Amino acid sequence: MISNHLKTYLLEPNTNLKPLFYEIVKQCERKNIRYDKHLVTFVMNLVSLDPQFEIYMETLSADRLNHDDFVEECVRRLSEDRSPALITLKMQLYFLENFFNRDDVVEKHMRNLQLKTAHLLKEITENDVITKDEQEEIFNKIIIDIVLHMGLGNPDNKDVINETMKALNSVMSRSDKAKFVTLDRKDRLLALKDIREIVCGIRIFNKHAGNSTNGMSDLPRVLDQSHESTKSILQITLCEIMDKVNLLTSALNSSIAYDLRNRTIVTLLPENISGDDLDNLKDLLVMYRQHEVYTRKLIDELALIKFNIDTCNQEYNSKLVKIHESVQYRTAIPTDRVFPKFSELTRIWLQFQNYIYLLSEINQISNTLTNLTERCLSFDDLAYRLLGECQIHTDVDRLNKTTGKRLLMSVENECEVVPYSQGMKVELLKFCVWHLAEANGVLMPGNTDMGVCQHQKDFYAFNIPEAAVFFDEDPDKYVFKVVTIARKKIQLIAFLDLFYKVQTAYNSHSREVFRIKAPITCEQEIQTELHPVPSNIDRQYRWNIWDLRREAIDLTNMRMKRTSSCQTVKAKQTQVYLPKNQGTQTKVNRSTETEQRRQRIKNPETAPSPLQVYNMTVEDFSSATYNRIK
């Protein structure tokens, strides 16, 4: 299966491709093509792996012509609404988005239930209770809350409400009820959770003890019936898929012939079959094989759920027996011993409900996949014409033809034949890599009983022993051919899990990209540099936080001070005078200036100090006054 990282890589929209995304959507609307935005993103991410458009996930080509070709190619693929290729892409997108994690499904249904009962829960936990009628109303709402959360029946059924009320009254006395309504919101929630579990356990026990429990489902029996129904539907669906797969595989097999001398496959077509018809059949086979993979995945998940259901059934019956033994010879139920057992019984009951949700999800996924394949155009008549007089063989029939044979290798080989073991990951879903490369996308299942061929860290299966010899001569040649085919048939990328190989070969047009060259080593002396990283010593760094605090206090106090004639060293850190923009100014004569002052300004180098000017001004003023008096 595709990893979560790769799933995100294929499904998430790329920011760099947004302009092209809007252009594709605009073209689809102009041509009245039905589209889904998630499907457009999925197709764009796959088509962008083709280097002919020079568009990849991180960058965009500067050539506008490449952009137009890319948009046209994406629109063309989206326009073929009933083609097998687009149906396969829709199946892949739907399955990647909706195939569930069991915990996620349970959490999803719990959130939906909480949203539906949020208003009821708020009234129970937040409303103030004063009168006896208000208290009675709160506990009526608690009964409905228990029925809804625990799945004990229809809350509109009076019998269901009455039996739940009896179970609640056996748990809580009048003093307990009066104490409950005085609790705060948090404590009410905790108490309500315990009340739900105990009351639900009592109702389950009463049902199996033979008391009247109208409206309460028998979940173990419902689960068994649902499991059998789901299993039957999946098996019928798988049989119908395999009938199509066997027909298409046999028809395509009848159209090819092995040219072992030239190490290739020759295609032989009747006169009434064209090359486009053959490509449609290949795409149709990919679609049904993809549907087969997903259906088998659902069957495996169903088997795991069945195992968990059986385990829960054993615990469920065991808890019922223990509770029955505890209360059989007692007139009053000992709450400190029995109530926890009721809570444990309720938890198993809730697990049964979770498995019902999971079975519902499996049925929904299976139905959606089947509906998608039914939209595809029918090519049965074309397949029968191509099949001619040949027989329809199953996968088992084809594998039986090579029973007892082993893969052959030349003397100087690049690969190694190893026996197949359970759990070994074989590339290309165990389809023959030689057939896929030489027959331009024909899916022919390989026979792992002959062994598998190990190239680097990958394992490959083959349909005939001679194919392994051809592959061994140049493995990268055939892997690159498969990558080239996947660039044109983008549905193969997710189907055969080829994303990383296609991504690796993006900037290469030859098979050399898959060759891992051995590193060349030699003896050489080197000397370690004394200080490879330049030092950066901060002289004002303080490791003691109290030093920083004292310095901050000093600076804060200094802000309240003012210096007039001089500055201290510390004050310079807080008082900053930004430089002024200076320029020249033309001299302007004013009526108040004396001749002596003008001359002094003209010669700034010989100008006296301000003190001297002051003294001279005083002397002049005194002389003028004295002369005037004389």
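Here goes a summary of the coordinates provided. (Residues numbered from 1 in each chain as written. Predicted model: local features only at pLDDT ≥ 70, side-chain atom pairs only at ≥ 80, totals over all residues. Heavy atoms only, no water.)

Across its full length, the protein carries 24 helices and five strands. The 630 residues of the protein split such that 41% are buried. Summarising the internal contacts of the protein: among those between residues at least 6 apart in sequence, 74% fall at separations of at least 24. Here the protein has roughly 38400 Å² of accessible surface; of this, 51% comes from carbon and sulfur atoms. (Helix = DSSP H or I, 4+ residues; strand = E, 2+ residues; numbered from the N terminus. Buried < 20%, exposed > 50% of the residue type's maximum accessible area, 1.4 Å probe, protein only. Contact = heavy atoms within 4.5 Å. Areas by Shrake-Rupley, 256 points an atom, 1.4 Å probe, with all protein chains shown as cover.)

Here the focus is helix α7 (residues 118–126). Buried residues of α7: Leu120, Glu123, Ile124 and Thr125, and no others. Looking at the buried residues of α7, the elements they touch are α8 (132–150), α10 (174–180) and α11 (185–208).

Across its 15 residues, helix α6 (residues 102–116) extends 22 Å between first and last C-alpha, which sits within 8% of the 21 Å expected from 1.5 Å per residue. Taken together, the buried positions of α6 are occupied by Val105, Val106 and Leu113. Angularly, the buried residues of α6 cover 95° about the axis, an arc narrow enough to put them on a single face. Facing away from the buried side of α6, by more than 90 degrees, are the exposed residues Asp103 and Leu115. By the N-cap criterion, in which a side-chain oxygen at the helix start approaches the backbone nitrogen of a residue two or three places on, α6 is capped by Asn101, the distance to Asp103 being 2.9 Å. (Expected span 1.5 Å × (residues − 1). Arc of directions from axis to C-beta. Polar contact = N/O pair within 3.5 Å; in protein donor to acceptor, adjacent residues only side chain to side chain.)

This paragraph deals with a nonpolar patch on the surface. On the surface, Ile545, Trp546 and Leu548 cluster together to form a nonpolar patch covering roughly 320 Å² of accessible area. Mapping Trp546 onto the fold places it in helix α22 (residues 545–558). (Patch = residues over 30% accessible without salt bridge, like charges linked within 9 Å, V, L, I, M, F, W, Y side chains within 5 Å. Salt bridge = Lys/Arg side-chain N within 4 Å of Asp/Glu carboxyl O.)

Right, let's get into the packing of α8 against α11. Contact geometry for α8 and α11: axes closest at 10 Å, N-to-C directions at 70°. On the basis of the axis angle, α8 is roughly perpendicular to α11. The interaxial crossing formed by α8 with α11 has right-handed handedness. The residues of α11 that touch α8, namely those facing Ile142, Asp145, Ile146, His149 and Met150, are Leu192, Ile195, Arg196, Val199 and Cys200. In terms of residue class, the contact of α8 with α11 is built from seven nonpolar, one polar and two charged. (Axes fitted to C-alpha atoms, helices over the stretch in contact; angles between N-to-C directions. Parallel < 35°, antiparallel > 145°, perpendicular 65-115°, else oblique. Left-handed = near helix turned anticlockwise from the far one by under 90°. Nonpolar A, V, L, I, M, F, W, Y, C, P; charged D, E, K, R; others polar.)

Looking now at the state of the cysteines. Using the criterion set out here, one finds zero disulfides in the structure. Among the cysteines around Cys74, which has no disulfide bond, Cys28 carries the closest sulfur, lying 9.0 Å off. (Disulfide = S-S within 2.5 Å.)

Across the interface, helix α3 (residues 37–47) lies against helix α4 (residues 64–79) with an axial gap of 10 Å and an inter-helix angle of 125°. Relative to α4, the element α3 lies oblique. Crossing of α3 over α4 shows right-handed handedness. Across the interface between the two elements, Leu39, Val40, Val43, Met44 and Val47 from α3 touch Phe70, Glu73, Cys74, Arg77 and Leu78 from α4.

Applying the stated criterion across every chain yields a total of 33 salt bridges. The residue Lys90 makes a salt bridge to Asp81 at a minimum N-O spacing of 3.0 Å. Residue Lys90 is classed as buried on the basis of its relative accessible area, which comes to 18%. With a closest N to O distance of 3.7 Å, Lys425 and Asp497 form a salt bridge. Here Asp497 lies in the loop between α20 (491–495) and α21 (499–504) and Lys425 lies in the loop between β3 (416–418) and α17 (433–438), a separation of 72 residues in the sequence. Residues joined in a network through salt bridges with shared partners are Arg289, Glu292, Arg296, Asp395 and Arg398.

Together, Asp128, Asp133, Glu134 and Glu136 give the surface a local cluster of negative charge. Tracing the sequence through the fold places Asp133 in helix α8. Its relative accessible area of 64% is what places Asp133 among the exposed residues. (Lys, Arg positive; Asp, Glu negative; His and termini not counted. Charge placed at Lys NZ, Arg CZ, Asp CG, Glu CD.)

On to the packing of aromatic side chains. Within the structure shown, the criterion is met by 16 aromatic pairs. Between Tyr316 and Phe352, the aromatic rings sit 5.2 Å apart at their centres with planes inclined by 70°, giving edge-to-face as the arrangement. Taken as a pair, Tyr316 in helix α13 (residues 275–327) and Phe352 in helix α14 (residues 335–374) lie far apart in primary sequence, 36 residues in all. Take Tyr316 and Phe352: they sit in the same class, and that class is buried. Measuring from centroid to centroid gives 5.2 Å for Tyr460 and Phe471, while their planes differ by 50°, and the two rings are tilted. Highlighted residues: Tyr460 in strand β5 (residues 458–460) and Phe471 in helix α18 (residues 465–473), separated in sequence by eleven residues. With a relative accessible area of 0%, Phe471 lands in the buried category. (Phe/Tyr/Trp six-rings, centres within 6.5 Å; stacked < 30°, edge-to-face > 60°.)

We now examine the side chain of Lys501. Mapped onto the fold, Lys501 is located in helix α21. Judged by relative accessible area, Lys501 falls into the buried class, the value being 17%. A polar contact of 3.4 Å, which involves the side chain of Lys501, links it to the side chain of Asp458.

With four bridges connecting them, strand β1 (residues 256–259) and strand β2 (residues 264–267) associate as antiparallel partners. Its bridge partner lying in β2, Asp259 is registered against Thr264. Here β1 hands over to β2 after four residues, with Arg263 in that stretch at a positive phi of 55°. (Pairing = 2+ DSSP bridges.)

Any link to function would need more than the numbers given here.
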